[in-house]
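Summary of the model geometry
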Amino acid sequence: MNILLALFIFSGLDVYFLKGTTNLLVRIVPEEQIEQLTLYYSFSAPNWDSMVIKREGRFFDAGIATPEMMRVIGLYCIYDNGTVDNKDGAPYLYEVKKSPQMIMPFAMGDLEVILKQARKKITSGIHVDEAITLLDYVDEMLRVVPVIENSPGETQRNMLQMEVMSLREQLIK
């Protein structure tokens, strides 16, 4: 049990701003003993870029130049032994703001929770203006969130987009 806990604590993927820039450092602590991996990343777009990274000590570090306009970065990696680290079909997602600098991890499930809050406000008829703000935020995020094609993450995004449209229709009625 302790070995599994240690593996959970010491493996993962984190994103930081490189000191003095708006570029990002992606640090990966692998779940498996490997020497290289391929990191896939996307900034609010359907296209994925990739880079091969070699181990440096315990970590894999990748510097990524950020585009002028960005809202989200999606990341996943494939280890050199073929293991895919993508949270069961959904990339690691981070909302990124350059000024003031902020990196906040999130998941599609978080957007689902926000939609439930909006639905509750719309159904009750109380704080509908807050519901509209929540719908706007989720709609903006779903438009830019990178997903892996033909994955459960893509299916979940599409279902959430349909729910946003349904809730907007309820507001019109």
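For clarity, every value in this text was computed on a predicted model and none was experimentally measured.

1. So, the side chain of Arg71
- Relative to the assigned elements, Arg71 resides in the loop between strand E5 (60-64) and strand E6 (72-79).
- Filtering out sequence-adjacent residues up to four positions away, Arg71 remains in contact with Ser44, Tyr94, Glu95, Val96, Lys97, Tyr137, Glu140, Met141 and Val144.

2. Overview of the confidence of the model for the protein chain
- Scored by pLDDT, the protein chain comes out at a mean of 88, with 93% of its residues at no less than 70.
- Looking across the protein chain, the model is least confident in helix H1 (residues 2-10), with a mean pLDDT of 37, and most confident in strand E4 (residues 49-54), with 96.
- Confidence over residues 1-10 falls short of pLDDT 50; this stretch has three contacts with residues more than four positions distant or in other chains.

3. Details of helix H2 (residues 108-124)
- Helix length check: H2, at 17 residues, gives a terminal C-alpha distance of 25 Å against a target of 24 Å (1.5 Å per residue), a fit within 8%.
- Every buried residue belonging to H2 is among Met108, Leu111, Ile114, Leu115, Ala118 and Ile122, and all of these are buried. Looking straight down H2, one finds its buried side chains confined to an arc of 115 degrees; they lie on one side. Facing away from the buried side of H2 by over 90 degrees, the exposed positions are Lys120 and Thr123.
- In this structure, the buried residues of H2 make contact with strand E8 (92-98), strand E9 (101-106), helix H3 (128-144) and helix H4 (152-172).
- Just downstream of H2, Gly125 is the residue with a positive phi angle, here 75 degrees.

Each value, and the rule that gives it
- Counting of residues starts from 1 at the beginning of each chain's written sequence and follows it residue by residue.
- Local features in this predicted model are restricted to residues whose pLDDT is 70 or higher, and side-chain atom pairs enter the listing and the counts only when it is 80 or higher, whereas totals over whole chains, interfaces and linings include all residues.
- Side-chain numbers here rest on the full set of heavy atoms in the structure, without hydrogens or water.
- In this text, helices come from DSSP runs of H or I with a minimum length of four residues, and strands from runs of E with a minimum of two, each type numbered from the N-terminal end.
- Throughout, a contact is declared for two residues whenever any of their heavy atoms are within 4.5 Å.
- Each residue gets a pLDDT score, which is the predictor's confidence in that residue and runs from 0 to 100.
- Multiplying 1.5 Å by the helix residue count minus one yields the expected span of that helix.
- For the exposure calls, accessible area comes from a 1.4 Å probe over protein chains only, and a residue counts as buried if that area is under 20% of its type's maximum, exposed if over 50%, partly exposed in between.
- To be clear, the arc concerns the directions from the helix axis to the C-beta atoms.

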